[in-house]
Amino acid sequence: MFKDFEGRTEEEARNKAIEELGLEGGDFDVEILENVKKSLFKKPSCKIRVYYGNDEEETMDEEDMEEGETAEKGKSLEPISDVERKTLIFLDTLVEKMGYEGKASINFRRESKVGISIESPDSSYIIGRKGRNLDAIQLIANVYAGNIDPDIKVVVDSEDYRMRHEEQIIRNAYKTAEMVRRTGKSRLLDPMNPFERRLVHTALNDFDGVETKSEGEGLYKQVRIIPTR
């Protein structure tokens with residue numbers, strides 16, 4: 001979900017969003033739509049778009065680890081529903097059509113979410129650069145599964161990439177924030193999907209001396225880490 005806010009400065013617009021939506025600093029993603037500086041004929045104004053609520057990307061979080069079933073290391077869970085069985089077959093066929101070897105299996109199950117791992121000697125290609133191929137496969141799998149059961153969400157992983165990638169994002173965010181605080185100059189992180197940007201906003205929410213905002217258009221935006229006064 002998103003909503004636009006306007007103020008004389010970006011800070012004023014952000015404060016309006018926090019007050020109206022009842023959000024905390026790391027609970028939303030900001031895109032700057034328009035930033036007009038003061039001039040002889042114009043008053044300063046800043047228009048932002050605030051994204052809040054559920055992320056567009058599905059992934060595994062702490063709640064997933066605490067509830068439901070999780071396969072033991074090196075093992076998998078047996079499919080127990082029509083949507084699980086058909087989605088496994090669909091993913092096996094999809095990987096084969098991509099020209100790779102691979103076998104899909106269930107590694108966790110929650111009330112409305114199922115985690116599927118693709119084991120393959122070609123896992124680096126299935127994951128793709130920055131996980132883009134894996135994200136695309138997950139999106140296609142969710143469209144397919146959603147046609148069978150609209151309440152189910154599918155998380156597709158390979159070689160525990162998502163967990164390792166999340167840890168790397170947070171480490172890089174802290175490292176960059178330290179640099180920004182030391183130099184007093186803002187820096188842009190690489191383009192990220194909504195879930196990844198939320199990780200950065202949340203991780204740096206209590207990091208003294210910096211603040212974050214998103215820049216760009218489309219699904220993959222960049223997070224700018226800015227020194228605070």
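Structure: see above.
All values reported here derive from a predicted model rather than from experimental measurement.

## A few points about the pattern of salt bridges
Applying the stated rule across the entire model yields 12 salt bridges. For E12, the salt bridge is made with R8, and the minimal N-O distance between the two is 3.0 Å. The class of E12 is partly exposed, set by a relative accessible area of 22%. Here E12 and K16 are joined by a salt bridge, their closest N and O atoms 4.0 Å apart. One end of the pair, E12, and the other, K16, are both in helix α1 (residues 10-21), 4 residues apart, so they sit about a helical turn from each other. With relative accessibility at 39%, the residue K16 sits in the partly exposed group. Salt bridges sharing partners connect three or more residues here, namely R8, E12 and K16.

## Examining the sheet that holds strand β7 (residues 153-157)
An order of β4-β5-β6-β7 is seen for the 4 strands of this open sheet, with the pairing classed as mixed. Across the chains shown, the open sheet's two edge strands, defined by having one partner strand only, are β4 (69-70) and β7. Strand contacts of helix α3 (residues 82-97): β5 (103-109), β6 (113-119) and β7, with the helix running at about 140° to β5, the strand carrying the most contacts. Running at roughly 150° to β7, helix α5 (residues 132-148) makes contact with β6 and β7 of the sheet.

Cut-offs and rules
- Starting afresh in each chain, residues are numbered from 1 along the sequence in its written order.
- Given that the model is predicted, a residue must reach a pLDDT of at least 70 before its local features are reported, and side-chain atom pairs must reach 80 or more before they are shown or counted; all residues, however, enter totals for whole chains, interfaces and linings.
- As a rule here, side-chain values cover all heavy atoms of the structure and leave hydrogens and water aside.
- Salt bridges, as used here, are contacts in which a Lys or Arg side-chain nitrogen is within 4 Å of a carboxyl oxygen on Asp or Glu.
- Relative accessibility under 20% of the residue-type maximum defines a buried residue, over 50% an exposed one, and the middle range a partly exposed one, all with a 1.4 Å probe and only protein chains included.
- Put simply, DSSP H or I for four residues or longer makes a helix, DSSP E for two residues or longer makes a strand, and each gets a number counted from the N terminus.
- Between any two strands, at least two bridges found by DSSP are needed for them to pair.
- Between two residues, a contact is recorded if the distance between any of their heavy atoms is within 4.5 Å.
- For helices, the fitted line uses only the C-alpha atoms of the stretch in contact; every axis is such a line through C-alpha atoms, and the angle between N-to-C directions lies from 0 to 180 degrees.

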